[in-house]
Amino acid sequence: MAALNRKQKTAVRHERLRKTVTGTPERPRLSVHFSAKNIYAQVIDDHGGATIASANTTEGDFKGDKKARANKETAVKIGRLVAERSKAKKVTQVVFDRGGLQYHGKVKALADAAREGGLEF
């Protein structure tokens, strides 16, 4: 059997993580995904199969901004934005799904910004 590449290892970690982390209507899941250029964050109710709130760098606010890349600075903006949109839908408690990524750098910056924005996890 061949060794796994980085993407495959991340997928394995994410599958393992998702066995225990699920979003309920009372406490939905805050899922983050980072591509090479963009950042995506969603608040998901897994039982209802619905996205409650989302924010990403492909939206109009970030599309024209050339500095809006997948970096810590932009992760902070996305974290605050998803927290603001979640609170507008009366969601304050979430479960954090780091998507199989290590909890440091961009992931930690997004999580800290979401906490500052009013989300509890």
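Structure: above.
Residues numbered from 1 in each chain as written. Predicted model: local features only at pLDDT ≥ 70, side-chain atom pairs only at ≥ 80, totals over all residues. Heavy atoms only, no water.

A. Highlighting the nonpolar core. Of all hydrophobic cores here, the largest spans 25 residues; its most connected members are L30 and L110. Among the elements of the structure, β1 (29–34), β2 (39–45), β3 (50–56), α3 (72–88) and α4 (106–116) are those that each provide at least two residues to this core. (Core = buried A, V, L, I, M, F, W, Y, C linked by side-chain atoms within 4.5 Å. Buried < 20%, exposed > 50% of the residue type's maximum accessible area, 1.4 Å probe, protein only. Helix = DSSP H or I, 4+ residues; strand = E, 2+ residues; numbered from the N terminus.)

B. Quick look at the pattern of salt bridges. Taken as a whole and judged by the stated rule, the model has seven salt bridges. The closest approach of N and O atoms between D46 and R29, which form a salt bridge, is 2.9 Å. Residue D46 is found in the loop between β2 and β3, and its partner R29 is found in strand β1; the two are separated by 17 residues along the sequence. On the accessibility criterion, R29 (7% relative accessible area) is buried. R115 is the partner of D112 in a salt bridge, and the nearest nitrogen-oxygen pair spans 3.2 Å. Note that D112 and R115 are positioned in helix α4 at a spacing of three residues, about one turn of the helix. Linked through salt bridges whose partners overlap, the residues forming this network are R18, R29, D46 and D97. (Salt bridge = Lys/Arg side-chain N within 4 Å of Asp/Glu carboxyl O.)

C. Spatial organisation of the sheet that holds β2. If you trace the four strands from one edge of the open sheet to the other, you get β3-β2-β1-β4, paired in mixed fashion. Bordering the open sheet on either side are β3 and β4 (95–97), each of which pairs with just one other strand. Adjacent strand axes in the sheet meet at a mean angle of 20 degrees, parallel and antiparallel pairs treated alike. Both β1 and β4 contribute to a ladder of three bridges, which runs parallel. Bridge pairing in β4 links R29 to V95. In the packing of α3 onto the sheet, contacts are made with β1, β2 and β3, and the angle to β3 comes to roughly 145 degrees. (Pairing = 2+ DSSP bridges. Axes fitted to C-alpha atoms, helices over the stretch in contact; angles between N-to-C directions. Contact = heavy atoms within 4.5 Å.)

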